[in-house]
Structure formats: structure tokens, C-alpha cells
Amino acid sequence: MTGTQTGPLVISVASLKGGVGKTTTAIHIAAHLALAGQRVLLADGDRIRTATAWARGGHLPYPVMPITALARGVSQYDAVVMDTEGGVENSKLIEYAQSSDLILLPTSPDINGLDGAAQTAEVLRAGGVPNSQSAAVLTMVRPGGMKDLNARKGLGEMGLPVLKASVRISEAFRDASNAAILVRDVKTDMALRCWRDYQDVTAELLAIIVRRRG
């Protein structure tokens, strides 16, 4: 992947901890971009290929290919969303950050998620990645709960920018994964709210990237 300023918009979704919604986040950000009229590719770098399996249902509005195939035909896309490997190595994490317009770090508001975020912040800082190159997004949030507020405070103290938008915790995401569909297609009121959470996340990401690109 070469200079993102003249190529497609590139968003990497990464986490040093599992179970924080990394693949779900990548899939739904890519979906919102595609449904807004962008030509989108989701690059699956996870070892267990969850996004690839999700795509086999035929209900995702974009292609999914292995991250190792990115050198082929990327210029035809407006945006590339990279679902990076779980527990990504430090050197690869820095590489993803440097080759992306933004590296997004899904973080649950609990000890597991915040510990992963702290480790990630340390790796990025040691690798010379500026704060503006990354952002955390809180996932698995219980609306109105204090954990959200405390997590935001903790992430801020780590020097990690945090999106204002967050993603609620819901069984609708598991239902979507099991059926290999987008959460909006689960057809419940809660699922629609979950879909709108990612709509807000995507809009905020795009606003940040536009500001950075100038």
C-alpha cells in the first residue's frame, strides 16, 4: 500500500486484545461506506478469517479478500477497510498505522479492553505514530452506564483520541454474525439502533480523515 493521500481511503481496524468487536466493526464500517456509494474492499488479515466466512453468506455490499492480496487492483477502490490480525505484532501494528489514513482501535469499557488500549497506545507511541493517526472507539457499551464515562477518561489519560460515537452491547450482533448478515438485516428495533451506532462511528471517522487530509 502506497501513499494514502492519492490512493483510496484506508482505515485499519486493530486490537491487541480479542473479544472487543474488531471484525464486527470492520464489517459495518465497510458496509456504511459501500452503501454511501463508495467502492469498498474489506481486506481480511485475521488468522481465523471471520470476515471471509461472514462474506460467504452473500449479503455484504462489498468484496472481501485476504490482506495479502492488497497489491492487486487496490486502485479501483475508493476505500479499503483492513480487518487486521488479532493480537497483531508490534511491528505490524505500527506498519498498519503508518500506511492508513487512520487506525481504529475498538475498545470495550472493561479491564480487558482498557488494558489492550493501554498496550496499543504504548506501542504506537514507541513507534513514533502521532496521536492524530489513531482513534479508539468504545464498543459493547451499555447506554447510560458509568463504565462508558470512566473508560473515556482512562483512554484520554493514555493519550488516545476517543470517538464521541460508541457502539452498544447487543445480542443483535451475534445474531447478525450467525446469519452472515449485517446487523441492520436482523430486523429488530435494537438491531436498527446498533446499525445507527456504526453509522455515527463511520461519519465521525470520515470527518477526522477529511480534516487530516486537508
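Before reading further, recall that the structure is shown in the block above.
Residues numbered from 1 in each chain as written. Predicted model: local features only at pLDDT ≥ 70, side-chain atom pairs only at ≥ 80, totals over all residues. Heavy atoms only, no water.

**Overview of the packing of helix α1 (residues 22–35) against helix α7 (residues 189–213)**
- Where α1 meets α7, the closest approach of the two axes is 9 Å, and the angle between their N-to-C directions is 75°. With respect to α7, the axis of α1 lies roughly perpendicular. In this structure, α1 uses Thr-24, Thr-25, His-28, Ile-29, Ala-31, His-32, Leu-33 and Leu-35 to contact α7, whose residues at the interface are Trp-195, Tyr-198, Gln-199, Val-201, Thr-202, Leu-205 and Leu-206.
- A breakdown of the residues in the contact of α1 with α7 according to their chemical character gives 9 nonpolar, 6 polar and no charged. (Axes fitted to C-alpha atoms, helices over the stretch in contact; angles between N-to-C directions. Helix = DSSP H or I, 4+ residues; strand = E, 2+ residues; numbered from the N terminus. Parallel < 35°, antiparallel > 145°, perpendicular 65-115°, else oblique. Contact = heavy atoms within 4.5 Å. Nonpolar A, V, L, I, M, F, W, Y, C, P; charged D, E, K, R; others polar.)

**Topic: the nonpolar core**
- Judged by nonpolar contacts, the single largest core of 41 residues is most densely connected at Ile-27, Ile-29, Tyr-62, Leu-163, Val-183, Val-201 and Leu-205.
- Leave out the neighbours within four places in its chain, and Leu-205 touches Ile-11, Ile-29, Leu-102, Leu-104 and Leu-163.
- In terms of nonpolar packing, the next biggest core, distinct from the first, is built from 29 residues, Val-10, Ala-14, Val-80 and Val-129 among them. (Core = buried A, V, L, I, M, F, W, Y, C linked by side-chain atoms within 4.5 Å. Buried < 20%, exposed > 50% of the residue type's maximum accessible area, 1.4 Å probe, protein only.)

**Considerations on helix α4 (residues 111–126)**
- In a regular helix each residue adds 1.5 Å, so 16 residues correspond to 22 Å; α4 covers 22 Å between its end C-alpha atoms and thus fits that length.
- Of all the positions in α4, only Gly-113, Gly-116, Ala-117, Thr-120, Ala-121, Val-123 and Leu-124 are classed as buried. Down the axis, α4 shows its buried residues gathered within 165° of arc, on one side only. Away from the buried face of α4 by more than 90 degrees, exposed residues Ile-111, Glu-122 and Ala-126 are located.
- Packing partners of the buried residues in α4 comprise α3 (90–98), β5 (102–107), β6 (134–138) and α5 (146–157).
- Downstream of α4 by a residue or two, Gly-128 has a phi angle that is positive, lying close to 75°. (Expected span 1.5 Å × (residues − 1). Arc of directions from axis to C-beta.)

**Notes on helix α6 (residues 171–179)**
- Those residues of α6 that fall on the buried side of the exposure criterion are Ala-172, Phe-173 and Ala-176. Mapping the buried residues of α6 onto a view down its axis gives an arc of 100°, with all of them on the same face. Those residues of α6 that are exposed and aimed more than 90 degrees away from the buried face are Arg-174 and Asn-178.
- Put simply, Ser-170 is the residue that caps the front of α6, since its side-chain oxygen is 3.0 Å from the backbone nitrogen of Ala-172.
- Positive phi appears at Ala-180, one or two residues downstream of α6, with a value of about 55°. (Polar contact = N/O pair within 3.5 Å; in protein donor to acceptor, adjacent residues only side chain to side chain.)

**Some points on the packing of aromatic side chains**
- Following the criterion strictly, the structure yields 1 aromatic pair and no others.
- Between Phe-173 and Tyr-198 the ring centres are 5.8 Å apart and the planes differ by 80°, which places this aromatic pair in the edge-to-face class. Residue Phe-173 is found in helix α6, and its partner Tyr-198 is found in helix α7; the two are separated by 25 residues along the sequence. Assigned by exposure class, Phe-173 and Tyr-198 land together as buried.
- One Lys or Arg, Arg-184, reaches over the ring of Trp-195 and ends 5.5 Å from the middle of that ring. (Phe/Tyr/Trp six-rings, centres within 6.5 Å; stacked < 30°, edge-to-face > 60°. Lys NZ or Arg CZ within 6 Å of the ring centre and 35° of its normal.)

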